[in-house]
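Next come the chains, spelled out residue by residue.
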Amino acid sequence: MFRFLTPKSIKPPFARYSHGVEVPAGKRLVLCSGQVAITADDQIPEDASAQAELCFRNIEAILGEAGLGLGDIVRINAYVTDRAHLRPYMDVRDRLFSSPAPASTLMIVSGFARPEFKVEVEAVAAG
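Only a predicted model underlies this, so the values are computations on that prediction, with no experimental measurement involved.

**Looking at helix α2 (residues 86–96)**
Thought 1: Of all the residues in α2, the buried ones are L86, Y89, M90, V92, R93 and D94.
Thought 2: If you follow the buried residues of α2, they end up packed against α1 (48–65), β4 (73–80), β5 (103–108) and β6 (119–126).

**Points about the packing of aromatic side chains**
What characterises a pair of aromatic rings is the spacing of the ring centres plus the angle enclosed by the ring planes.
Thought 1: Summed over all chains, the structure comprises three aromatic pairs.
Thought 2: Both rings, one in F2 and one in F4, keep their centres 6.4 Å apart while their planes meet at 90°; by these two values the pair is edge-to-face.
Thought 3: F4 gets classed as partly exposed once you look at its relative accessible area, which sits at 28%.

**Observations regarding α1**
Every α-helical turn comprises 3.6 residues, leaving residues that sit three or four positions apart pointing alike.
Thought 1: With 18 residues, α1 should reach 26 Å at 1.5 Å per residue; the first-to-last C-alpha distance of 26 Å fits that figure.
Thought 2: Burial in α1 covers these residues: A48, Q51, A52, L54, C55, F56, N58, I59 and L63.
Thought 3: Next to the buried residues of α1 lie β3 (29–36), β4, α2 and β6.
Thought 4: Two or three places before S49, at the opening of α1, D47 has a side-chain oxygen 3.2 Å from that residue's backbone nitrogen.

**Quick look at the nonpolar core**
Thought 1: Within the largest apolar cluster, 26 residues are counted, with the highest numbers of intra-cluster contacts made by I59, I73, Y89 and V121.
Thought 2: For this core, the elements supplying multiple residues, two or more each, are β3, α1, β4, α2 and β6.
Thought 3: Among the elements that make up this core, the one with the highest residue count is α1 (seven residues).
Thought 4: The contacts of V121, once residues within four sequence positions are left out, are S33, G34, Q35, C55, F56, I59, I76, N77, A78 and Y89.
Thought 5: In terms of nonpolar packing, the next biggest core, distinct from the first, is built from five residues, F2, V74, A103 and A126 among them.

**A short note on the side chain of N77**
Thought 1: Mapped onto the elements, N77 comes out in strand β4.
Thought 2: We classify N77 as buried; its relative accessible area is 15%.
Thought 3: Excluding its chain neighbours within four sequence positions, the residues that come into contact with N77 are T105, E120, V121 and E122.

About the criteria used
- Residues numbered from 1 in each chain as written.
- Predicted model: local features only at pLDDT ≥ 70, side-chain atom pairs only at ≥ 80, totals over all residues.
- Heavy atoms only, no water.
- Buried < 20%, exposed > 50% of the residue type's maximum accessible area, 1.4 Å probe, protein only.
- Helix = DSSP H or I, 4+ residues; strand = E, 2+ residues; numbered from the N terminus.
- Contact = heavy atoms within 4.5 Å.
- Phe/Tyr/Trp six-rings, centres within 6.5 Å; stacked < 30°, edge-to-face > 60°.
- Expected span 1.5 Å × (residues − 1).
- Polar contact = N/O pair within 3.5 Å; in protein donor to acceptor, adjacent residues only side chain to side chain.
- Core = buried A, V, L, I, M, F, W, Y, C linked by side-chain atoms within 4.5 Å.

Rendered as C-alpha coordinates:
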(Lines give C-alpha, C1' and ligand atoms only; values in the text may rest on other atoms or scores of the structure.)
Protein backbone atom coordinates (compact mmCIF):
# COMPACT_ATOMS: atom_id res chain seq x y z
CA MET A 1 0.00 0.00 0.00
CA PHE A 2 2.71 2.52 0.94
CA ARG A 3 6.08 3.02 -0.71
CA PHE A 4 8.84 3.47 1.86
CA LEU A 5 11.59 5.74 0.56
CA THR A 6 15.19 5.10 1.61
CA PRO A 7 17.45 6.40 -1.15
CA LYS A 8 20.85 4.70 -1.37
CA SER A 9 22.43 8.11 -2.07
CA ILE A 10 21.91 9.37 1.49
CA LYS A 11 22.87 8.01 4.92
CA PRO A 12 20.48 5.29 6.12
CA PRO A 13 18.15 6.17 9.01
CA PHE A 14 19.76 6.29 12.48
CA ALA A 15 16.98 4.19 14.02
CA ARG A 16 13.81 2.36 13.00
CA TYR A 17 12.13 4.89 10.72
CA SER A 18 11.90 5.59 6.98
CA HIS A 19 13.25 8.73 5.35
CA GLY A 20 9.95 9.10 3.52
CA VAL A 21 6.67 7.34 2.80
CA GLU A 22 4.68 7.73 -0.40
CA VAL A 23 0.92 7.47 0.02
CA PRO A 24 -0.83 6.28 -3.17
CA ALA A 25 -3.53 8.38 -4.79
CA GLY A 26 -7.04 7.85 -3.51
CA LYS A 27 -6.12 7.22 0.14
CA ARG A 28 -7.67 9.19 3.01
CA LEU A 29 -5.38 11.05 5.40
CA VAL A 30 -6.05 11.30 9.12
CA LEU A 31 -3.99 13.85 11.05
CA CYS A 32 -3.78 13.34 14.80
CA SER A 33 -3.05 16.25 17.11
CA GLY A 34 -0.21 15.82 19.54
CA GLN A 35 -1.19 13.43 22.31
CA VAL A 36 0.20 13.70 25.80
CA ALA A 37 0.03 10.93 28.39
CA ILE A 38 -3.19 11.60 30.22
CA THR A 39 -6.04 9.14 30.71
CA ALA A 40 -9.74 9.95 30.45
CA ASP A 41 -9.82 10.17 34.26
CA ASP A 42 -6.81 12.55 34.42
CA GLN A 43 -4.12 10.02 35.39
CA ILE A 44 -0.57 10.75 34.16
CA PRO A 45 2.05 7.98 34.30
CA GLU A 46 5.35 8.98 35.90
CA ASP A 47 7.93 7.38 33.60
CA ALA A 48 8.62 8.25 29.97
CA SER A 49 8.05 4.71 28.70
CA ALA A 50 4.55 4.53 30.19
CA GLN A 51 3.85 8.01 28.85
CA ALA A 52 4.90 6.96 25.34
CA GLU A 53 2.65 3.88 25.59
CA LEU A 54 -0.31 6.04 26.56
CA CYS A 55 0.38 8.57 23.80
CA PHE A 56 0.27 5.78 21.21
CA ARG A 57 -2.86 4.22 22.79
CA ASN A 58 -4.57 7.61 22.51
CA ILE A 59 -3.52 7.86 18.86
CA GLU A 60 -4.77 4.32 18.27
CA ALA A 61 -8.18 5.32 19.69
CA ILE A 62 -8.33 8.38 17.43
CA LEU A 63 -7.43 6.31 14.38
CA GLY A 64 -9.97 3.68 15.39
CA GLU A 65 -12.70 6.32 15.06
CA ALA A 66 -11.70 6.56 11.38
CA GLY A 67 -11.46 2.79 10.89
CA LEU A 68 -7.65 2.86 10.90
CA GLY A 69 -4.93 1.55 13.21
CA LEU A 70 -1.29 2.05 14.12
CA GLY A 71 -0.25 0.10 11.00
CA ASP A 72 -1.73 2.89 8.87
CA ILE A 73 0.57 5.56 10.31
CA VAL A 74 2.91 7.08 7.72
CA ARG A 75 4.46 9.87 9.81
CA ILE A 76 5.26 10.38 13.49
CA ASN A 77 6.44 13.57 15.17
CA ALA A 78 7.51 12.98 18.76
CA TYR A 79 8.77 15.31 21.44
CA VAL A 80 10.48 14.54 24.75
CA THR A 81 11.59 16.94 27.48
CA ASP A 82 14.98 15.38 28.21
CA ARG A 83 17.64 13.35 26.43
CA ALA A 84 17.08 10.63 29.07
CA HIS A 85 13.57 10.10 27.64
CA LEU A 86 14.80 9.38 24.08
CA ARG A 87 15.55 5.66 24.62
CA PRO A 88 12.33 4.85 26.55
CA TYR A 89 10.28 6.55 23.82
CA MET A 90 12.21 4.82 21.01
CA ASP A 91 11.83 1.41 22.68
CA VAL A 92 8.05 1.80 22.70
CA ARG A 93 7.96 3.11 19.12
CA ASP A 94 10.21 0.31 17.86
CA ARG A 95 8.03 -2.33 19.53
CA LEU A 96 4.84 -0.91 18.00
CA PHE A 97 6.13 -0.38 14.45
CA SER A 98 7.83 -3.05 12.40
CA SER A 99 10.11 -2.43 9.45
CA PRO A 100 9.64 -0.62 7.22
CA ALA A 101 8.62 1.91 9.82
CA PRO A 102 6.87 5.25 9.27
CA ALA A 103 8.72 8.46 8.60
CA SER A 104 9.59 9.95 11.97
CA THR A 105 11.05 12.98 13.71
CA LEU A 106 12.07 13.01 17.39
CA MET A 107 12.92 16.28 19.14
CA ILE A 108 13.96 17.38 22.61
CA VAL A 109 11.87 20.34 23.76
CA SER A 110 11.94 22.53 26.86
CA GLY A 111 8.52 21.46 28.09
CA PHE A 112 4.78 21.08 27.58
CA ALA A 113 1.64 22.73 28.98
CA ARG A 114 2.03 20.80 32.25
CA PRO A 115 5.38 19.89 33.83
CA GLU A 116 4.29 16.26 34.42
CA PHE A 117 4.31 15.55 30.69
CA LYS A 118 7.57 14.11 29.36
CA VAL A 119 6.42 12.83 25.94
CA GLU A 120 4.08 14.07 23.22
CA VAL A 121 3.36 12.25 19.96
CA GLU A 122 1.48 13.34 16.85
CA ALA A 123 0.82 11.19 13.80
CA VAL A 124 -0.43 11.14 10.23
CA ALA A 125 -2.16 8.00 8.97
CA ALA A 126 -3.47 7.01 5.55
CA GLY A 127 -5.98 4.40 4.60
